[in-house]
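In case you want the letters, here they are:
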Amino acid sequence: MDRQSRKAGWGTALCMFLLLCWAAAPWVAAAQRLTAPEERAEEAASLSGGPPLIALTFDDGPRRSTTTALLDGLCQRGVHATFFLIGAQLEDNEDLIRRMDAEGHQIGIHTYDHVRLTGLSKADFDAQVARTRQALTGILGHDGFLLRPPYGLTDGAARQNAGCPIILWSIDPEDWGDQDAAREVEHVVSHAYDGAIILMHDIFPASVEAALEIVDRLHAQGYLFVTIDELFQARHIQLQPGQVYREAAP
């Protein structure tokens, strides 16, 4: 075979190889996306030098029956969570709020009446956020509360008036919908990753059931549950007032 023929043969082979790589690329990407949760947790631990971290957060409480059951279950498991509370529901639940604080949970603001924070005047914004902050400070004797806006909605004025970091989420099983604990568990566990923030609600019995099973399942995979402050401190991220955060992925 002359040199020209050999060059043509090599060129044909190279084209075939590149074509096969191109065809296989979607399958490789799909395989990467379908990596087992246990493998994702192990990979995160090896990269960060520690266990994968995840934050479990709850909105719309407190509600005495369900929040008490949740606190009992978290205490038994040695888990800390973050609770974004409704100001109108603080009265007659002061003992629950003090218990959250004493047991190492973080407490945040979810407005006074669960209203959208977009399009509000400064006075109306303060009636929802500053009023709740003042009530929590009176109960706990300290400030430093984060803000989670209802429905995750903010605008420029809300961010400017917040006076604290704004925390959203990266995993949402929509537990307010069908209240199917088994479905919620599978959704969260299958989407879990290092640095994620899980959104749930401690006002539904199914959500409490699901949350505790999620803790057990992810513990078995090596995850460590932390508060929002602990999550971002571990990532050396300084939370800034008025800034919006959805995760603390490494």
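1. A closer look at helix α3 (residues 64–77)
Since one α-helical turn is 3.6 residues long, residues separated by three or four positions face the same way.
1) Next: An ideal rise of 1.5 Å per residue puts 20 Å on 14 residues; α3 measures up with 20 Å between its terminal C-alpha atoms.
2) Next: Here α3 has its buried residues at T66, T67, L70, L71, G73 and L74. Considered in projection along α3, the buried side chains sweep an arc of 165 degrees and stay on one side of the axis. Exposed residues pointing more than 90 degrees away from the buried face of α3 are listed as S65 and Q76.
3) Next: Here the buried face of α3 lies against β1 (53–61), β2 (82–85), α4 (94–102) and α9 (205–220).
4) Next: Downstream of α3 by one or two residues, G78 has phi in the positive range, about 65 degrees.

2. Observations concerning the pattern of salt bridges
1) Next: Scanning the model with the defined rule gives 11 salt bridges in all.
2) Next: Two residues, R99 and D72, come together in a salt bridge whose shortest N-O distance is 2.7 Å. Here R99, found in helix α4, pairs with D72, found in helix α3; they are 27 residues apart in sequence, far enough to count as distant.
3) Next: Between R217 and E213 there is a salt bridge, with its nearest N and O atoms 3.8 Å apart. Linking R217 with E213, this pair stays in helix α9, spanning 4 residues, or about one helical turn.
4) Next: Residue classification places R217 among the partly exposed residues on the basis of a relative accessible area of 29%.
5) Next: Within the structure, one salt-bridge network assembled from shared partners comprises D72, R99 and E103.

3. Considering the pairing of strand β3 (residues 106–109)
1) Next: Burial along β3 is two-sided: Q106 and G108 facing one way and I107 and I109 facing the other are all buried.
2) Next: Bridge count between β2 and β3: 4 bridges; the pairing is parallel. Bridged to T82 within β3 is Q106.
3) Next: Of the crossover connections in this fold, the one passing from β2 over α4 to the parallel β3 is right-handed.
4) Next: The pairing of β3 with strand β4 (residues 146–147) spans 2 bridges and is parallel.

4. Looking at the nonpolar core
1) Next: Ranked by size, the top nonpolar core spans 63 residues in total, and within it L56, F83 and L147 carry the most contacts.
2) Next: It is α9 that contributes the most residues to this core, 8 residues altogether.
3) Next: If we ignore the near neighbours within four places in the chain, the residues touching F83 are F58, L70, L71, L74, M100, H105, Q106, I107, G108 and D202.

Rules used in this analysis
Residues numbered from 1 in each chain as written. Predicted model: local features only at pLDDT ≥ 70, side-chain atom pairs only at ≥ 80, totals over all residues. Heavy atoms only, no water. Helix = DSSP H or I, 4+ residues; strand = E, 2+ residues; numbered from the N terminus. Expected span 1.5 Å × (residues − 1). Buried < 20%, exposed > 50% of the residue type's maximum accessible area, 1.4 Å probe, protein only. Arc of directions from axis to C-beta. Contact = heavy atoms within 4.5 Å. Salt bridge = Lys/Arg side-chain N within 4 Å of Asp/Glu carboxyl O. Pairing = 2+ DSSP bridges. Right-handed = clockwise from strand over helix to strand, strands pointing away. Core = buried A, V, L, I, M, F, W, Y, C linked by side-chain atoms within 4.5 Å.

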